[in-house]
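Residue-level structural notes
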Amino acid sequence: MLIAADKFKGSLTAAEVAGHVTAGLRRAVPGLTVSAVPVADGGDGTTQAAVAAGFAPQRVQVTGPTGVPVTATFALRGDGTAVVEMAEASGLQHLPKGVFAPLTATTYGTGELLLAALDAGATSIVFGVGGSATTDGGAGMLAALGARFLDADGEPVAPGGGPLRDLATADLSGLDPRLAKTEIVLASDVDNPLTGPKGAPAVYGPQKGASEEDVATLDAALAHYAEVLARAVGPEAAEHALAPGAGAAGGIGFGALVGLDAVFRPGIDVMLDVLGFAPALAQATFVITGEGSLDAQTLHGKAPAGVAAAARAAGLDVVAVCGRLQLPQEALAAAGIRRAYALTDLEPDPARCMAEAGPLLERAAERLARDFLV
């Protein structure tokens, strides 16, 4: 049995999910051989998944999205591969509860986290983006890495996406030279462009507290930012603004494509490679995947869909565990998942379901084992 599940957000890490599922399976089938590859798709929990796979955690203090220092972790492997999760530095979890900063939140700390990875000897960086509090197009990140963004008076523009409307000149010549020698893969499950009706402000701005007026301000500011960067580095900047992934994590994808020469890949594909999923799959006869909510988003590049696709290609059965299930059976089947076991089937109260996720997951896994293994 191979368990390759993502976190249950707000309840369990991916590694904890694997532990509880294993315990439940072995209640029904004592001595069952179980292996686990906790997975992630580039968003929240990506660093934890890398650490569970044997990467060493590296903790540093960086600038949070509102300018307050925060402690962030990246993961490093002995071969020079680092996993850097932007949410560790610039994620929503670093905002005061219920307080958003849609126009002023900055990715500066993410740039500091990338610098820390370079300082630690990273030569290849998997850059997971998602869960951000920011919509600054990665300007803060690039500033921390040595870029300069100036207004008409030659002064640095203020942090955040809103102030980019005042941007007059951009200079990327001061970017850390180590970046040119570092392979950077932009890992995301988001393929939105930078601006427009499917862009970062319109689609994701409201999740970060942006009003309709804020969305319009941010969209115009990011469009202007892309124009200024095109003048600074050439027409490829305009092309990058339209590219899939440019709108990821408040447009940090755009900043990574333009300034870091990053290569965009679907997050789950990158992470399965990095976490050693293929060798584990080769030893498996049955696969269990899952995440907190199996819903329409799951089918668009989330971890369970990626795991199921790989397992199905290998001819293996896949079942899923989840906190709540919002997909019909036909959608599950189309994704390669034979059946899903939801915690809400055992405990309908969402609050109790989240609070007691571990024991409930063990019960669900025991039921799964009795259905498929006994």
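An account of the accompanying structure is given in this report. (Residues numbered from 1 in each chain as written. Predicted model: local features only at pLDDT ≥ 70, side-chain atom pairs only at ≥ 80, totals over all residues. Heavy atoms only, no water.)

Some thoughts on the overall build of the protein chain
A count of helical and extended segments in the protein chain gives 15 helices and 13 strands. In terms of C-alpha radius of gyration, the protein chain reaches 21 Å, essentially the compact-globule figure of 21 Å for 374 residues. Counting only C-alpha atoms and orienting by the principal axes, one finds that the protein chain spans roughly 75 × 45 × 35 Å. For the protein chain, with 374 residues in total, the buried portion stands at 56%. The long-range share in the protein chain, meaning contacts at least 24 apart out of those at least 6 apart in sequence, stands at 71%. Counting every atom, the protein chain has about 15,000 Å² of accessible surface; 53% of that belongs to carbon and sulfur. (Helix = DSSP H or I, 4+ residues; strand = E, 2+ residues; numbered from the N terminus. Rg over C-alpha atoms; globule rule 2.2 N^0.38 Å. Buried < 20%, exposed > 50% of the residue type's maximum accessible area, 1.4 Å probe, protein only. Contact = heavy atoms within 4.5 Å. Areas by Shrake-Rupley, 256 points an atom, 1.4 Å probe, with all protein chains shown as cover.)

Focus on the nonpolar core
One finds Ile125, Phe127, Phe149 and Tyr225 to be the most contacted residues of the largest nonpolar core, which totals 55 residues. When neighbours within four sequence positions are excluded, Tyr225 is seen to be in contact with Asp136, Gly137, Gly138, Ala139, Leu142, Phe149, Leu164, Leu167, Phe254 and Gly255. Of all hydrophobic cores here, the second largest spans 39 residues; its members include Val185, Met271, Val287 and Ala331. (Core = buried A, V, L, I, M, F, W, Y, C linked by side-chain atoms within 4.5 Å.)

Re the packing of aromatic side chains
Enumeration over the complete set of coordinates arrives at 3 aromatic pairs. Residues Tyr225 and Phe254 carry aromatic rings whose centres are separated by 5.6 Å and whose planes lie at 75 degrees to one another, so their mutual orientation is edge-to-face. Of this pair, Tyr225 sits in helix 7 (residues 212-233) while Phe254 sits in helix 9 (residues 248-259), placing them 29 residues apart in sequence. With respect to burial, Tyr225 and Phe254 carry one shared label: buried. By the ring-pair criterion, three or more aromatic residues cluster together here, those being Phe149, Tyr225 and Phe254. (Phe/Tyr/Trp six-rings, centres within 6.5 Å; stacked < 30°, edge-to-face > 60°.)

Thoughts on the sheet that holds strand 12 (residues 317-325)
Pairing in this open sheet of 5 strands is parallel, and the strands run 2-1-11-12-13 from one edge to the other. Bordering the open sheet on either side are strand 2 (35-36) and strand 13 (339-342), each of which pairs with just one other strand. Relative to strand 13, strand 12 is paired through 4 bridges, and the arrangement is parallel. Residue pairing for strand 13: Cys322 is matched across the bridge by Ala342. Sheet strands in contact with helix 15 (residues 357-372) are strand 11 (286-294), strand 12 and strand 13, and its direction is about 150 degrees off that of strand 13. (Pairing = 2+ DSSP bridges. Axes fitted to C-alpha atoms, helices over the stretch in contact; angles between N-to-C directions.)

Details of the environment of Thr344
As for its placement among the helices and strands, Thr344 is situated in the loop between strand 13 and helix 14 (350-355). Along the sequence, Thr344 and Glu183 sit 161 residues apart, while their C-alpha atoms lie 42 Å from each other. Setting aside residues no more than four positions away along its own chain, Thr344 makes contact with Gly323, Arg324 and Cys353.

Focus: unusual backbone geometry
In terms of backbone geometry, most residues other than glycine have negative phi values and most peptide bonds are trans. Even without a glycine there, the phi angle at Ala249 is positive, about 50 degrees. Judged by relative accessible area, which is 10%, Ala249 ranks as buried.

Focus: the pattern of salt bridges
If you walk through the whole model with that rule in mind, you get 14 salt bridges. One salt bridge connects Lys302 with Asp189, and the closest N-O pair in it is separated by 2.9 Å. Here Asp189 lies in the loop between strand 9 (183-188) and helix 6 (200-204) and Lys302 lies in the loop between strand 11 and helix 12 (303-313), a separation of 113 residues in the sequence. Exposure remark for Asp189: the relative accessible area of 23% places this residue in the partly exposed category. The structure contains a network of salt bridges with shared partners spanning Arg27, Glu362, Glu366 and Arg370. (Salt bridge = Lys/Arg side-chain N within 4 Å of Asp/Glu carboxyl O.)

Here we look at the packing of helix 7 against helix 9
Two elements in contact, helix 7 and helix 9, have axes whose closest approach is 12 Å; the angle formed by their N-to-C orientations is 5 degrees. Judged on the interaxial angle alone, helix 9 and helix 7 are roughly parallel. Between helix 7 and helix 9, the residues in contact are Tyr225, Ala226, Leu229 and Val233 and Phe254, Gly255 and Val258, respectively. Looking at the contact of helix 7 with helix 9, its residues break down into 6 nonpolar, 1 polar and no charged. (Parallel < 35°, antiparallel > 145°, perpendicular 65-115°, else oblique. Nonpolar A, V, L, I, M, F, W, Y, C, P; charged D, E, K, R; others polar.)

Notes on the pairing of strand 3 (residues 56-63)
Here strand 3 pairs with strand 4 (residues 69-76) via 8 bridges, running antiparallel. Residue pairing in the sheet places Ala56 in a bridge with Leu76 of strand 4. Linking strand 3 back to strand 4 in an antiparallel pair, the connection comprises 5 residues, with Gly67 at a positive phi of about 95 degrees.

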